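Below are the chains, spelled out letter by letter.
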Amino acid sequence: TRLYAVDVASGATRALTPAGARADILGLSAADPGAVVVALNERDRSWPDVVRVDLASGARTVLQRNGGPRGYASFLLDQTNAVRLGVRTRADGGAVVVAFEERGRARTVFEIPFEDMMSTRLLGFEADGVHFLVLDSTLGQPDTAERDRTALVRVNIATGERVVLGEGERADVVDVWFDPVTGAAEAFATEYLRREWRALNADSQADIEFLDRSLTGDFIVASRSADDTRWIVVEENPTTPRRSYLFDRAGPAGRRLTSLFSHRPELQQAALQPMAPVEIAARDGSTLVAYLTLPGGSDANGDARPETPLAMVLLPHDGPWTRDSYGFDAMHQWLANRGYAVLSVNFRGSAGFGKAFLNAGNGEWGGRI
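In what follows, the accompanying structure is described. (Residues numbered from 1 in each chain as written. Predicted model: local features only at pLDDT ≥ 70, side-chain atom pairs only at ≥ 80, totals over all residues. Heavy atoms only, no water.)

Thoughts on the environment of V36
To keep things clear, this is the line we draw: A run of DSSP states H or I qualifies as a helix once it reaches four residues; a run of E qualifies as a strand once it reaches two. Both are numbered from the N-terminal end. Contact definition: two residues touch when any of their heavy atoms are within 4.5 Å.
Mapping V36 onto the fold places it in strand β4 (residues 35-40). Linking V36 and L3, residues 33 residues apart in sequence, is a C-alpha distance of 9.9 Å. V36 has contacts with L3, I25, G27, L28, V51, R52, V53 and L55, leaving out every residue within four places of it along the chain.

Structural notes on a nonpolar patch on the surface
To keep it simple, the criterion reads: Like charges within 9 Å and nonpolar side chains (Val, Leu, Ile, Met, Phe, Trp, Tyr) within 5 Å are joined into patches, using only residues over 30% in relative accessible area that form no salt bridge. Only the protein chains shown count as cover for residues, and all accessible areas are computed by the Shrake-Rupley method using a 1.4 Å probe. Salt bridges, as used here, are contacts in which a Lys or Arg side-chain nitrogen is within 4 Å of a carboxyl oxygen on Asp or Glu. Relative accessibility under 20% of the residue-type maximum defines a buried residue, over 50% an exposed one, and the middle range a partly exposed one, all with a 1.4 Å probe and only protein chains included.
On the surface, a nonpolar cluster with roughly 360 Å² of combined accessible area is contributed by M118, W321 and W365. Look at W365 and you get exposed, because its relative accessible area is 54%.

Observations regarding the packing of aromatic side chains
The criterion, for reference: Here a pair means two rings of Phe, Tyr or Trp (six-membered ring of Trp) with centres within 6.5 Å. Their orientation is stacked below 30 degrees between planes, edge-to-face above 60, and tilted elsewhere. For a ring to carry a charge above it, either NZ of a lysine or CZ of an arginine must fall within 6 Å of the ring centroid while also lying within 35 degrees of the normal to the ring plane.
Tallying each qualifying case throughout the model produces 12 aromatic pairs. Between W231 and F247, the aromatic rings sit 5.5 Å apart at their centres with planes inclined by 85°, giving edge-to-face as the arrangement. Taken together, the residues span a long stretch of sequence, with W231 in strand β19 (residues 230-237) and F247 in strand β20 (residues 240-251) at a distance of 16 residues. Like W231, the residue F247 is buried in the burial classification. By the ring-pair criterion, three or more aromatic residues cluster together here, those being W177, W197, F210, F219, W231 and F247. In this arrangement the basic side chain of R162 is found over the ring face of F110, its NZ or CZ atom lying 4.8 Å from the centre.

Some details on unusual backbone geometry
The omega torsion across G319 and P320 is 10°, close enough to zero to call that bond cis. Among the secondary structure elements, P320 is positioned in the loop between β24 (312-314) and α2 (330-337). Phi angles above zero are rare outside glycine, and N81 is one such case at about 70°. Residue class for N81 comes out buried when judged on its relative accessible area of 6%. Phi is positive for A304, close to 65°, though the residue is something other than glycine.

See below:
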């Protein structure tokens, strides 16, 4: 993955990282607008360094050197683009979250057991530089209890104190809204059958209610302006190709949503079929979340069951540590267009339904997974 700078006016591009090396963006900061911080494996293919890249000159400065055998799998920067946290893997498959301090010292903040590695993720720092947010499946209520589903957790880097800000009853937290200035969490989403947003303050609650009224599909917030008055919102709907909107939150007439463009305009007039979220009872009593698409004209009463039996294609997702979700699916639509029912099942090992369900696939790939 190579990083480029693009001149907005002319469209001219310049390579900022060398060919053959992988660059992943770690930080963009209003405190350092002329640069981007990336993880770059130019020096060591296995252990990327943290590198500041000057956008104008392309000059690169190493901020954090990395390397094995006790290297860091990932890093977290604060809002000034300072490297504050690193995730160091352990021999047993777990990890240690460490804070970088003065004179190159590293202090353990908390540990991530092997069973929680796929469901725990560092998100970002608040502006105070003391607190950071994490999607965490290790912390229970009280904090000595075991947790299954991933929750939104606020951590004090100095004391290690962790506070749960939000969680779902049946599924993991999968997305979070952050205040662009303070870095504080404002809302979070869980996803069981479909994505559901929950507000952490009154303003975000009003935003969620407005978007729910205005859109028929599920939505994500792709970006927010620095003054937080304008957002780019993307809607995902099985029967309508993905669409981007401008969400004006501070207009003279109040909140307003303006359609910008369809991501697949050639499908605007296509006869796309609805997708039905369904729950399947497995042999061992587990409930499996699945998504069913039926061909046009086969479901007259709209109960997500064909009027007569159909040939069905079972379409398992890859991974396995990912999941199928509600929304437009090209393979579902292509097969339904040709007369097949299509079913995608979130089998054991799928992400998003708690760590017990995810880890139930361990050692059973191609077997009871």
